[in-house]
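Secondary and tertiary structure notes
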Amino acid sequence: MPDVNNEDVAELKIGEKTVKLPIIRGSEAEVGIDIRTLRKETGCITYDPGFVNTGCCKSDITFIDGEEGILRYRGYDINDLADKCQFIDVAYLLVHGKLPNKKKHQAFSSHLNNHSMIHEDMRHFFDNYPDHAHPMATLSAMAVSLSSFYPELESSRKENVDFKVTRLLSKMRTAAAFSYNKSIGHPIVQPRHDLTYCENFLNMMFWTPVNDYKPDPVCAKALNKLLILHADHEQNCSASVVKMVGSSGANLYASISAGICALWGPLHGGANQHVIEMLERIIKKDKGDVKKVIERAKDKNNSFRLMGVGHRVYKSYDPRAKVAKQMCKDVLDQMGLKDPLVDLAQELEEAVMADDYFQSRSLYPNIDFYTGLTYRAMGIPTDMFTVMFAIGRIPGWIAQWLEMHEDPHGRIGRPRQIYTGPTQREIG
Ligand code: ACO
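Residues numbered from 1 in each chain as written. Predicted model: local features only at pLDDT ≥ 70, side-chain atom pairs only at ≥ 80, totals over all residues. Heavy atoms only, no water.

A look at helix α18 (residues 368–377)
- Here α18 lies mainly inside the structure; 9 of its 10 residues are buried.
- When we look at burial in α18, the residues that qualify are Asp368, Phe369, Tyr370, Thr371, Gly372, Leu373, Thr374, Tyr375 and Ala377.
- The elements touched by buried residues of α18 are α10 (217–230), α13 (271–284), α15 (319–335), α16 (340–354) and α19 (385–406). (Buried < 20%, exposed > 50% of the residue type's maximum accessible area, 1.4 Å probe, protein only. Helix = DSSP H or I, 4+ residues; strand = E, 2+ residues; numbered from the N terminus. Contact = heavy atoms within 4.5 Å.)

Rendered as structure tokens:
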């Protein structure tokens, strides 16, 4: 943390003018310079591509220390939450600020159950998507469609929050499983009241009239952990998109739909799918030659990047990747599986950790490096990986969206720019 000698103002000299800018401190000793009056006082704006140095809000939800590899939701360490909690309790924690007691847990759980079906008219949407439609496209369309099926709950802010949360959490999980059923030409499987949140998802994915699938407890436990790891990550790309859309007054469903699209990209949540595709290519095309792949990733004339490596905030090992790595190993062991892609991933990780290019840039495996491998062991197909991430991230997006609406300093998101195009000119 910077040594600011407990001063409460920073001074900025621009030409002859010195402006005093208040300093804001967070509960974990983070320091920010409040530049809200900068343009008014000096005519200048800040220039910060990718918002790397820009704090867009104060938040009580998630704390990350990227240097120390710490992640906490509402003060609780990610390792503890992943070990001891159910995903739906973590969802409740993110949205309401505290873990539910037994009574609240049961009420939330039955609420999720009651809202798990999808309106029949909406279900027919699935008939008209092409078989090869990416499930992220379907999921995003389903999220925004909820606002036309449930317009009475469209309004922003706190009212009906439990309905919105349960609708989104429960129906998005059902929609995700339906989109998978559709993509393989299987009949859809309806949710069941007697299964937990994670068991229900697995059952909707894998039960068929000719396979009386019983959710595997190892898979249900792993899914629970994975969803917790994904549940929030403060002001990342998709959460910022959710808030940007919501800041215009758009409803929660529309905002979440936009967040799903942002998450889809390969530099964000889409990386878990791209990790598997990269590992498969290394085996097929590079004959497993890790050295060659490392050299390609380091080559400045080649746009190739190692998927699942590097992070905007973590400059040490991603704490979620640590949990995911161990879980991947446990799932494979407990299911008695061997996967050559896991061996290759480990070899790649060792090469990254031993190479000065990656170490000098603080590039370590991120959450996506091992989560896809775990989903694969559970039988979840590759193009569903980012969907799994989205299901996990929904509570975080909702919590961030609600917090933004309660912020007395909240304003419509509208960054500025430094114009560098032609000055005024005439036509002809
Ligand atoms: N492989 C090779 N080089 C890399 C990688 C990588 N995966 N990631 C970053 N670098 C290099 C860059 O080329 C750059 O090198 P330079 O300083 O010589 O120019 C340096 O490291 C810094 O990279 P930036 O792009 O400036 O880092 P940024 O913070 O903007 O990007 C990002 C972070 C997008 C995650 C990046 O590391 C990346 O593309 N990783 C691969 C995709 C991925 O795994 N995304 C998932 C992230 S986790 C999540 O969103 C859930």
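Let's talk about the state of the cysteines
- Summed over the entire model, instances satisfying the criterion amount to 0 disulfides.
- Looking at Cys85, it has no disulfide partner, and the nearest cysteine sulfur is the one in Cys198, 13 Å off.
- Of the cysteine sulfurs around Cys219, a residue in no disulfide, the closest is that of Cys198, at 11 Å.
- Taking relative accessible area as the criterion, Cys219 reaches 3% and is therefore assigned buried. (Disulfide = S-S within 2.5 Å.)

Description of the sheet that holds strand β1 (residues 9–14)
- The 3 strands lie next to each other as β1-β2-β3, forming an open sheet whose pairing is antiparallel. This sheet does not close on itself; its edge strands, each paired only once, are β1 and β3 (31–33). Strand-to-strand, the axes of this sheet are offset by a mean angle of 30°, without reference to chain direction.
- Two strands pair when backbone bridges link them, and β1 and strand β2 (residues 17–25) are joined in this way by 6 bridges, in the antiparallel orientation. Note on β2: the bridge partner recorded for Val9 is Pro22. (Pairing = 2+ DSSP bridges. Axes fitted to C-alpha atoms, helices over the stretch in contact; angles between N-to-C directions.)

Details of the pattern of salt bridges
- One pass over the structure, following the stated rule, counts 18 salt bridges.
- Between Asp318 and Arg320 there is a salt bridge; the shortest N-O distance is 2.9 Å.
- The exposure class of Asp318 is buried, given its relative accessible area of 1%.
- Take Arg320: its relative accessible area is 2%, and that puts it in the buried class. (Salt bridge = Lys/Arg side-chain N within 4 Å of Asp/Glu carboxyl O.)

By themselves, these figures tell us nothing about what the structure is for.
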